[in-house]
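Understanding the architecture of this molecule
Here is how the chains run, residue by residue.
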Amino acid sequence: MLTARCCSRTLALRLRSCPPLRRSLSSVTENDILHFSKILDPPSIISTLSPIHSSLEDLHPFNNDWMRKYSGRATTVLKPRTTQQVSEILKWCHEREIPVVPQGGNTGLVGGSIPLNDEVVISMANMNNVRSFDPVSGILVAEAGCILQSLTDYVAPHNHIMPLDLGAKGSCQIGGNVSTNAGGLRLLRYGSLHGSVLGVEVVLPDGTILDQLTTLRKDNTGYDLKQLFIGSEGTLGIITGVSILTPPAPQASNNVILALPHFDNVRPLYQTVKGQLSEILSAFEFIDRTAYDLAVKHGQGRALNEEDVEGAECFVLVETSGGRREHDEEKLNDLLETLLSADRPLINTGVLAQNPAQFSSLWALREGVTEAVSKEGKAYKYDISVPLSTFKEVVDITRNHLQSQGLLHEDAVSHVLGYGHVGDGNLHLNVIAKAYTQEIQDALEPFIYELVASHRGSISAEHGVGSMKTHALHYSKDKISLELMKKIKEMFDPKGIMNPGKVIA
Ligand SMILES: Cc1cc2nc3c(=O)[nH]c(=O)nc-3n(C[C@H](O)[C@H](O)[C@H](O)COP(=O)(O)OP(=O)(O)OC[C@H]3O[C@@H](n4cnc5c(N)ncnc54)[C@H](O)[C@@H]3O)c2cc1C
């Protein structure tokens, strides 16, 4: 059955990502559904099994990912409302050896939130309350299922912002963000979640509730256990609550898009921008020409004037966030003047936002690339950390490689492009194809991973490992680190029920 499902050419990719058949784990039965009905109210259970009898359509959003690249066969989705309910569900699953997949907003890009077989999906969507917010310290304690945008809206009247922002903010959940250690657009300014998350509440695979939900900024009492759950992609437990430090909202934000004649100018430009804007620089984002053209084609933000983009090989979006508008504007204008009046200018032109609508439109050009790529075709996404000086080289080498394999034509690969967070050394290398095929996959992997390893880079800068990169972890982690990771997994989850086949195969 499994083989038949996987053997068509375009579905061959799934064969590779299917784990070996599970040896001892169980499938959900009608008896399990009866037990879950004692824990949850009827609307919180979606199942094709008796006595619920949901349709396959009801399960579809939970069995398929945002890119339509990964699909699962879960028969049952549970939507707990309390930590206690999560605990009771996991206790039962642990006893019965039923594998589970925690699911947040399902916006992950590496297949982490999608079952590989018929695991039970535990959706956190119903755990969406703010538990507390202290406007003096800026510490927010929220349930894991709170959507990032809702939390942004919640803290805004108190003059605070969330320390992270990403294109998926309207759907992704804070629990998913913490579980993937999401990076995003504000990392340059506010650092990673390993710094801003102060505490987590986690239900361990056997149902034990681990209460690490402190609001302390300083706590040097031994091992910092919460760090293990940040970025563990639901393989060690289910995060049910998060305590997070939110920074004060900047009083003034501005942005400018700079058009560059050559990629080689990005590095000296970053140095100049950092030097001149210093404490008010809050983002330095890169998109190459192909990414820009696709964003415009698919209606993400407003296109710049023809004369502004003419001769541009790539673009950089610079954002400032500071305490006083006049001061920040003066600094930004000085920067533009320096850049445009240089003997050998690093930029062709700069388009400065004049009002909030233009500010959003310039951001949309950058934030909208992910969506534009998915509208253009099937995306092979590589989210890598490499030295900034190699961003273009990595994109070009990949494109040339695909060409040499005879795959760069409209029936196979149509675009190879790069964009990302320059300030964090994070390049999103995207290959857009007509379909997901084994041939393209084989051309890209391990080629790209070897390329990344040759630069001592990371095969996953921010999206995580999921089911996509389990086989490639050794390109970024040495043998001893991998062995320790396996031991940690075994200690927390000896029966292997927690998101099996993800991160560590
Ligand atoms: C348009 C777009 C833009 C994006 N931009 C960025 C970006 O800039 N930076 C970035 O880092 N990512 C980005 N992403 C990827 C994605 O949004 C992030 O990985 C996000 O943090 C996932 O959150 P989620 O709630 O959707 O989690 P899901 O996709 O539901 O799950 C992701 C992983 O976390 C686990 N998980 C989810 N919730 C919990 C929980 N409560 N407890 C334990 N495990 C859990 C899942 O099992 C899975 O392994 C983008 C995605 C899209 C579609």
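Conventions used here
All residue numbers refer to positions counted from 1 along the written sequence of the respective chain. It should be noted that, the model being predicted, local features are given only for residues of pLDDT at least 70 and side-chain atom pairs only at 80 or more, the latter also being counted only at that level, while totals for whole chains, interfaces and linings use all residues. The basis for every side-chain value is the complete set of heavy atoms in the structure, and neither hydrogens nor water enter the calculation. Counting from the N terminus, the helices are DSSP H or I runs at least four residues long and the strands are E runs at least two residues long. Radius of gyration here is computed from C-alpha atoms only, and the compact-globule reference equals 2.2 Å multiplied by the residue count raised to the power 0.38. Throughout, a contact is declared for two residues whenever any of their heavy atoms are within 4.5 Å. Surface accessibility follows the Shrake-Rupley procedure with a 1.4 Å probe radius. Residue values consider only the protein chains on display as shielding. Residues counted as positive are Lys and Arg, residues counted as negative are Asp and Glu, and His and the chain ends are not counted. The atoms used to mark charge sites are NZ of Lys, CZ of Arg, CG of Asp and CD of Glu. The split into domains, and so the bounds of each, comes from an automatic or database assignment of domains. Here's the idea: put two parts together, see how much 1.4 Å probe accessible area each one loses, and the total over both is what we call buried area. Salt bridges are identified by distance alone: a Lys or Arg side-chain nitrogen within 4 Å of an Asp or Glu carboxyl oxygen. Any N or O atom pair separated by 3.5 Å or less is treated as a polar contact, with the protein-specific requirement of one donor-capable and one acceptor-capable atom, and with residues adjacent in sequence counted only for side-chain atom pairs. Gly counts as polar in this scheme, as do all residues outside two lists: the nonpolar Ala, Val, Leu, Ile, Met, Phe, Trp, Tyr, Cys and Pro, and the charged Asp, Glu, Lys and Arg. Here a residue counts as near a molecule or strand whenever at least one of its heavy atoms sits within 4 Å of it. Here, the term nonpolar core denotes a set of buried Ala, Val, Leu, Ile, Met, Phe, Trp, Tyr and Cys residues that are joined through side-chain atoms within 4.5 Å. Burial classes: relative accessible area under 20% of the type maximum marks a residue as buried, over 50% as exposed, and values in between as partly exposed (1.4 Å probe, protein chains only). In this analysis, rings of Phe, Tyr and Trp, with Trp reduced to its six-membered ring, are considered paired at centre separations within 6.5 Å, and the interplanar angle assigns stacked below 30 degrees, edge-to-face beyond 60, and tilted for intermediate values. Each residue after the first adds 1.5 Å to the expected span of a helix. The directions considered for the arc are those from the helix axis to the C-beta atoms. UniProt positions are given in the numbering used here, feature names are shortened, and annotations may be inferred rather than shown by experiment. Here a strand pair is declared whenever DSSP counts at least two bridges between the two strands. Inter-axis angles, ranging from 0 to 180 degrees, are taken between N-to-C directions of lines fitted to C-alpha atoms, where helices are fitted over the stretch in contact.

Attention now goes to the overall build of the protein chain. The number of helices and strands found in the protein chain is 20 helices and 16 strands. Radius of gyration (C-alpha) of the protein chain: 23 Å, near the 23 Å computed for a compact globule of 505 residues. Taking all contacts inside the protein chain whose residues are at least 6 apart in sequence as the whole, residues at least 24 apart take part in 73%. For the protein chain, the accessible surface area stands at approximately 21800 Å², while carbon and sulfur atoms represent 51% of it. Charge-centre separation for the protein chain: the mean point of 46 positive side chains lies 5 Å from the mean point of 57 negative side chains.

For the protein chain, the assigned domains read domain 1 (130-245), domain 2 (252-369) and domain 3 (377-463). Here domain 1 and domain 2 have C-alpha centroids that lie 30 Å from each other. Listed per partner, the contact involves seven residues of domain 1 and 12 residues of domain 2. Taken together, both faces of the contact between domain 1 and domain 2 bury some 680 Å²; the carbon and sulfur share is 51%. The largest contributions to the domain 1 side of the interface with domain 2 come from L185, L188 and R189, which together make up 85% of the buried area. Inspection of the domain 1/domain 2 interface yields one salt bridge. As a salt-bridge pair, E367 and K169 come within 3.0 Å of each other at their nearest N and O atoms. On the surface where domain 1 and domain 2 come into contact, there are three residue pairs in polar contact (both at pLDDT 80 or more). A breakdown of the residues in the side of domain 1 that touches domain 2 according to their chemical character gives three nonpolar, one polar and three charged.

As a further point, take the site of the ligand. Around the ligand, the surrounding shell holds 36 residues, and the nearest of these are P102, G104, G105, T107 and G108. Backbone polar atom of G234 to a nitrogen atom of the ligand: 3.5 Å apart, as the coordinates give it. Protein coverage of the free-state accessible area of the ligand, which is 970 Å², stands at 97%. Of all the elements in the fold, those that place two or more residues in the shell around the ligand are strand 3 (100-103), helix 7 (174-180) and strand 9 (238-245). With five residues, the single largest contributor to the shell around the ligand is helix 7. Taken domain by domain, the shell around the ligand gets at least three of its residues from each of domain 1 (130-245) and domain 3 (377-463).

Counting 57 residues, the largest nonpolar core has L258, V266, L269, F284, V318, Y382 and L427 as its most contacted members. It is helix 11 (residues 266-277) that contributes the most residues to this core, five residues altogether. Summarising the domain contributions, this core has at least three residues from each of domain 2 (252-369) and domain 3 (377-463). Those residues in contact with Y382, other than ones at most four positions away along the chain, are L427, H428, L429, N430, L444, E445, I448, Y449 and M468.

The next point concerns the side chain of H94. Topologically, H94 is positioned in helix 5 (residues 83-96). Overall, H94 belongs to the buried group, its relative accessible area being 17%. Setting aside residues up to four positions removed in sequence, H94 forms contacts with P205, D206, K495 and I497.

Evaluation of the coordinates by the stated rule reveals nine aromatic pairs. Ring geometry for F263 against F286: centres 5.5 Å apart, planes inclined by 75 degrees, an arrangement best described as edge-to-face. In this pair, F263 is assigned in the loop between strand 10 (252-260) and helix 11 and F286 in strand 11 (residues 281-288), connecting sequence segments 23 residues apart. The exposure classification of F263 matches that of F286, with both residues buried. Ring pairs connect the aromatic residues F263, F286 and F391, which therefore count as one cluster.

The next subject is helix 17 (residues 391-404). Look at helix 17: 20 Å from first C-alpha to last across 14 residues, which is about the 20 Å you get at 1.5 Å a residue. When helix 17 is considered as a whole, its buried residues turn out to be F391, V394, V395, T398, H401 and L402. Relative to the axis of helix 17, the buried residues are bounded by an arc of 130 degrees and lie together on one face. Looking at the buried side of helix 17, the elements it contacts are strand 11, strand 14 (378-385), strand 15 (413-421), strand 16 (426-433), helix 18 (438-444) and helix 19 (447-454).

A word on the UniProt feature "domain: FAD-binding PCMH-type" (unreviewed entry) in the protein chain. Under the local residue numbering, the UniProt record ascribes the feature "domain: FAD-binding PCMH-type" (unreviewed entry) to residues 70-249. Secondary structure across residues 70-249 divides into 23% helix and 22% strand, with the first and last C-alpha atoms of the span separated by 38 Å.

Spatially, the seven strands line up as an open sheet ordered 13-10-12-11-15-16-14, and their pairing is antiparallel. At either end of the open sheet lies a strand with only one pairing partner, and these are strand 13 (349-352) and strand 14. Within the sheet, the average angular offset between the axes of one strand and its neighbour, ignoring direction, is 15 degrees.

Bringing the side chain of T320 into the picture now. With respect to the helices and strands, T320 occurs in strand 12 (residues 314-322). Residue contacts for T320: discarding those within four places in its chain leaves A252, S253, N254, L277, I280, S282 and L332.

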